[in-house]
Amino acid sequence: MKPTKKRTIRRRLLAMALSAATAFSLAACGNSSGGETEKKEWVWVPEFVTIEDETVSYYDMQLVGDALCYQSYDYNEETGESTQSISRYSLADGSITKTPLDYAEEKNWNLNRVAFAQDGSMYGVTNVYNEDYTKSETFLCKFGADGKQIFAEDMTDLVADSYTDSIAIDGEGRVYVTGEANIWLFDADGNNRGTVALGSDVNWIRAMGRGKDGKMYICYYGSNGDTALCDIDFDGKKAGNTYENFHSGNNNTLVAGIEKDFLTQDGSRVYEYDLKSQTSTELFSWLDSDINGSNVQGFWGLEDGRILAVTTGYETNENGIALLTKTKASEVPQKETILIGSLFGDSNIQSAAVKFNKSNDKYHISIREYLNYNDYDGDDYQAFMTDGINRMNNDITSNNCPDILDLSGLNIKQLAAKGVFEDLNGYLEKSGKLSREDFLANVLEAYTVDGKLVSIPYSFQMATVAGKGSEVGTEMGWTIDELVAYADAHPDAQLFDNASKEEIMLNLMAYNADYFIDWATGECNFDTDEFKSILNFVNRFPDQEDIKWDEDDMSTPNKIQKGQVLLYQENIYDFNELQMCNEIFQGDVSYIGYPTMDGSAGCMLSAFQAYAITSKAKQKDGAWEFIEAFLTQEENSESGYNRFFGFPTLKSKLEAMAADVVEVKYYTDENGELYYDENGEPVVMNAGSSVSYQDGWTYEYRIPTQEEVDMAMSLMEIAKPVTYSQGDEVLNIINEEAAPFFKGQKTVDEAASVIQSRIKIYVGENK
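Just so it is clear, the model here is predicted, and its values are computed rather than measured.

> Tell me what's going on with the sheet that holds strand β8 (residues 136-143), and back it up with residues and numbers.
Reading across from one edge, β6-β7-β8-β9 is the order of the four strands in this open sheet, with antiparallel pairing throughout. Looking along the sheet, the strands with just one partner apiece sit at the ends: β6 (108-116) and β9 (149-154). The sheet shows a mean angle of 25° between the axes of neighbouring strands, direction not considered. Where β6 and strand β7 (residues 122-129) come together, eight bridges link them in antiparallel fashion. By the bridge assignment for β7, Asn-108 is matched with Tyr-129.

Shown next as structure tokens:
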């Protein structure tokens, strides 16, 4: 249900335009750790600016001359009318001008892809819908600097079944529109001048824009998974020269370079690309300029040598622009570098680092990513993952060891057995901000290995297995033998919906591989009857390639209710999730859990942003200062963004969340008046959303009951992280060596023997 009364969301303005505080905290690499001892000659110092326009859209901004141009939408609450405008933000004086669009005809126009010309005009690809919105036509439109629509050229037949993805204008005012592997060419008056069809070797066009030489270029993904750059010959209606080793990063617009041909970025660093040598040179790290590179929506080089970046930040509500000036590192205050090592280096880590760097006068966070997806060729993901993990392990055992490790994707027990981690208990005892009593006891216990508290996650989710209580029992926990017996008792039903051998093996080994391994002594027991029975059971299931997905297939909830599927894997990331599982099993649900060798309850705890201080850290006090600041940060409620990604580990925040979710609240306007639905009932917040499947099975969410909240809390008390996850080398060995047995090429004894031998060697080398 949606409120029947229109509402507006107002953004809080953070600063006056062009008078923003230049709150930079750049590290010019003073005493650094993790091997990053080389001093940088240049850094890029940011000045942060917030545009004073509540209707500003940072997502489609384009630099035109000395201004940022974008579309804006104003809603008049008194008249109920919306106005769409061409907006122009002046970099010179911070002024904003808005020119409302004036369409030549009254139609259901939906203007999406736009490009702004130097003369103030705007081109755009527009979908025009019929009255009941069941059919649409595609037009290329042009609006003058006065906002009046100059033309609307029908390109429906030209586009056909393709979609339009981007639009650009060259120096002669000619228009280029891309879609899939096509480029449609138009002159300045909207006349089609041909099509560049790139052929079957190109999957789709990733980005388009002008280079420093003024030519139009595109970056595309080839059928082999590689990316390439090529220029477009408008008059010849063809693609020109091709250039390799180019990546467009997160942007769908190619950006002319400052000294070389193009500026590029990969979400972490900014590079300049040279056409002649077909190589990239790193300019700087976004993080060193206090910017989360994942939040950069667009960036350009200015004539004065600065770089302008448009940034958004859901979690901090800090949307705006940054003006970066190249500065000698000797002129920037020096800080001590704290190095975070991470396999993935995702946006959340960057956000945490940026927030810390801006507020701390002594330390500066840098991030070392061990998996660079720009180097991934798409062929062997497992080898790609293994290489990244090996690079991290090599650093951990050398003087290149990071101060902090992001634990995502790592085998915590294996690393703990090597003495990699500091014990955070001592830091908690000395902390003036935190204590053990502030956190969920089970989470601290889950991240305590051999008496050492290796990490305190910020938040977590859970996953468990649900079944019919009348069949599996109401007590949590069962053994693998009991799971097998349950499957045997229902030979005509699937255990899990469309589960493959690999998935079943993962579910069985996630909690149980350590039953067969003693990391302290190096002993392994994979040649036992217990493990052979697991191999025999897994062999009942189909190979992944044999599972055929059919969009007309019955949904999992329907299959469970009809007895065709027995168990359901439930992912629990908020207090609302259990209610749908209860509906699937029609009130007869039991959260039995993943099977374990000892019969204990297998409820997976997946932590988000779990960091550990390494025993080799050179900045241990600074590392704890970062973790402490991270765990105690205040949430930005105005952004409406839930950065927990699940449940917070701080009990105070979790208890507040639990109390809030069962409270019935109603939507109100700015005057506190209730919104009503079509039946005249007040519209309830946090209810009315629904999930639906292709076969018609639907569920509409309601306010969760206290019993459901209590059940989620009970699961938290038993949840623990899995030791082994997809991509772990132990699981890789098991899957690789079990494959010949599954194919009938080896006996179960032979497969178990090889698995035993390989894992014993691996454990011996890595214990």
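> Can you lay out helix α15 (residues 706-718) for me, pointing to particular residues and giving the numbers?
In a regular helix each residue adds 1.5 Å, so 13 residues correspond to 18 Å; α15 covers 19 Å between its end C-alpha atoms and thus fits that length. Tucked inside the fold, the buried residues of α15 contact α6 (441-446), β30 (459-468), β33 (568-572), α12 (577-584), β37 (647-648) and α14 (651-662).

> Would you mind going over the packing of aromatic side chains in detail, with residue names and values included?
In this structure the tally under the stated criterion is 31 aromatic pairs. Centroid distance Tyr-515 to Phe-516: 5.2 Å. Interplanar angle 85°. Geometry classified as edge-to-face. Taking relative accessible area as the criterion, Tyr-515 reaches 44% and is therefore assigned partly exposed. For Phe-516, a relative accessible area of 1% puts it in the buried group. Pairwise contacts between aromatic rings join Tyr-217, Tyr-243, Phe-246, Phe-262 and Tyr-273 into one cluster. Here Arg-174 stacks its cationic end above the ring of Phe-234, 4.3 Å away from the centre of that ring. Lying over the aromatic face of Phe-742, Lys-501 brings its terminal NZ or CZ to 5.5 Å of the ring centre.

> Hey, could you go over the sheet that holds strand β5 (residues 96-100) for me, with residue numbers and the actual values?
Reading across from one edge, β2-β3-β4-β5 is the order of the four strands in this open sheet, with antiparallel pairing throughout. Every other strand in the sheet has two partners, leaving β2 (62-64) and β5 as the edge strands with one partner each. Each neighbouring strand pair of the sheet contributes to a mean axis angle of 40°, computed without reference to strand direction. Across ten bridges, the pairing between strand β3 (residues 67-76) and strand β4 (residues 81-90) is antiparallel. Directly across from Cys-69, in β4, lies its bridge partner Arg-88.

> Can you tell me about the environment of Thr-698, naming the residues and giving the values?
Considering the arrangement of structural elements, one finds Thr-698 in strand β39 (residues 698-700). The spatial distance from the C-alpha of Thr-698 to the C-alpha of Pro-557 is 9.2 Å, given a sequence separation of 141 residues.

> Describe in detail the packing of α14 against α15, supporting the description with residues and values.
Contact geometry of α14 with α15 gives a least axis separation of 9 Å together with a crossing angle of 155°. By the angle class used here, α14 and α15 are roughly antiparallel. Taken as a pair, α14 and α15 cross one another with a handedness that is right-handed. Of the residues in α15, those in contact with Leu-654, Ala-658, Val-661 and Val-662 of α14 are Gln-706, Val-709, Met-713 and Met-716. Each residue belonging to the contact of α14 with α15 can be placed in one class, and the counts come to seven nonpolar, one polar and no charged.

> I'd love a proper account of the nonpolar core, names of residues and values included.
If you look at the biggest cluster of nonpolar residues, it comprises 82 residues, and the most contacted ones within it are Leu-407, Phe-421, Met-462, Phe-575, Phe-626 and Phe-647. Residues within four places of Phe-626 in sequence aside, it is in contact with Ile-340, Ala-352, Ala-353, Phe-356, Ile-365, Ile-404 and Tyr-611. Counting residues in each nonpolar core, the second largest holds 50 residues, with Ile-480, Leu-483, Phe-496 and Met-509 among its members.

> Which residues make up the pattern of salt bridges, and what values go with them?
Considering all chains together, one arrives at 24 salt bridges under this definition. A salt bridge links Arg-368 to Asp-395; its shortest N-O distance comes to 2.9 Å. Here Arg-368 is found in strand β26 (residues 363-369), whereas its partner Asp-395 is found in helix α3 (residues 381-396), with 27 residues between them in sequence. You'll find Arg-368 and Asp-395 in the same group, each marked buried. In this structure, Asp-749 and Lys-532 form a salt bridge, with 2.9 Å as the shortest nitrogen-oxygen distance. In this pair, Asp-749 sits in helix α17 (residues 748-766) while Lys-532 sits in helix α10 (residues 529-538), placing the two residues 217 residues apart along the sequence. Linked by salt bridges that have partners in common, Asp-170, Glu-172, Arg-174 and Asp-235 make up one network.

> Lay out the side chain of Ser-285 with the relevant residues and their values.
You can see Ser-285 is positioned in strand β21 (residues 279-285). What Ser-285 contacts, discounting residues up to four positions off in sequence, is Ser-268 and Arg-269.

> Report on the environment of Gln-461, specifying residues and quantitative values.
Assignment of secondary structure puts Gln-461 in strand β30. Separated by 104 residues in sequence, Gln-461 and Val-565 place their C-alpha atoms 25 Å apart. In this view, Gln-461 contacts Ile-572, Tyr-573, Met-604, Leu-605, Ser-606, Phe-608, Phe-645 and Gly-646; residues no more than four positions away in its chain are not counted.

> Let's hear about α3: which residues, and what values?
Taking 1.5 Å of rise per residue, the 16 residues of α3 would be expected to cover 22 Å, and the 23 Å separating its terminal C-alpha atoms lies within 8% of that figure. Considered for burial, the residues of α3 that qualify are Phe-384, Met-385, Gly-388, Met-392, Asn-393, Asp-395 and Ile-396. For α3, the secondary structure elements touched by its buried residues are β25 (336-342), β26, β27 (404-406) and α4 (412-417).

> Explain unusual backbone geometry to me, using residue names and the numbers behind them.
A positive phi angle, close to 55°, is found at Glu-180, a residue other than glycine. For Glu-180, the position within the fold is in the loop between β11 (175-179) and β12 (182-186). For Glu-180, a relative accessible area of 31% gives the class partly exposed. Positive phi values are uncommon outside glycine, yet Asp-450 reaches one of about 50°.

> Give a detailed account of the confidence of the model for the chain, specifying residues and quantitative values.
Regions with low pLDDT carry predicted coordinates that are not meant to be interpreted in detail. Chain-level pLDDT for the chain is 87 on average; 91% of the residues reach the 70-or-more range. The element-level mean pLDDT for the chain is lowest in α3, coming to 85, with strand β36 (residues 611-613) highest at 97. Taken as a whole, residues 1-37 scores under 50 in pLDDT and shows 118 contacts with residues more than four places along the chain or in a different chain.

Calculation rules
In every chain, residue numbers begin from 1 and rise along the written sequence. Two thresholds apply to this predicted model, a pLDDT of at least 70 for residue-level local features and 80 or more for giving and counting side-chain atom pairs, whereas whole-chain, interface and lining totals are computed over all residues. Values shown for side chains rest on all heavy atoms present in the structure; no hydrogens or waters enter the calculation. Each pair of strands is called paired provided DSSP finds at least two bridges between the two strands. Secondary structure is summarised from DSSP: a helix means a run of H or I of at least four residues, a strand means a run of E of at least two, and numbering begins at the N terminus for each. Axis lines are fitted to C-alpha atoms, over the contacting stretch for helices. Their N-to-C directions set the angle, which ranges from 0 to 180 degrees. Residue count minus one, scaled by 1.5 Å, sets the expected span of a helix. Throughout, a contact is declared for two residues whenever any of their heavy atoms are within 4.5 Å. The criterion for an aromatic pair is that two Phe, Tyr or Trp rings (for Trp, the six-membered ring) have centres within 6.5 Å, with stacked assigned to planes under 30 degrees apart, edge-to-face to planes over 60 apart and tilted to the rest. Whether a residue is buried, partly exposed or exposed follows from its accessible area with a 1.4 Å probe, protein chains only, as a fraction of its type maximum: under 20%, in between, or over 50%, in that order. By definition, being over a ring means that NZ of Lys or CZ of Arg is both within 6 Å of the ring centre and within 35 degrees of the ring normal. The cut-offs work like this: below 35 degrees is roughly parallel, past 145 is roughly antiparallel, 65 to 115 is roughly perpendicular, and the gaps in between are oblique. Helix crossings fall into two classes, left-handed where the near helix is turned counterclockwise from the far one by less than a right angle and right-handed where it is turned clockwise. Classification convention: Asp, Glu, Lys, Arg as charged; Ala, Val, Leu, Ile, Met, Phe, Trp, Tyr, Cys, Pro as nonpolar; all other residues, Gly among them, as polar. Working definition of a nonpolar core: buried Ala, Val, Leu, Ile, Met, Phe, Trp, Tyr and Cys residues. They are joined through side-chain atoms within 4.5 Å. For this document, the term salt bridge refers to a Lys or Arg side-chain nitrogen within 4 Å of an Asp or Glu carboxyl oxygen. The predictor reports its confidence for every residue as pLDDT, a score running from 0 up to 100.

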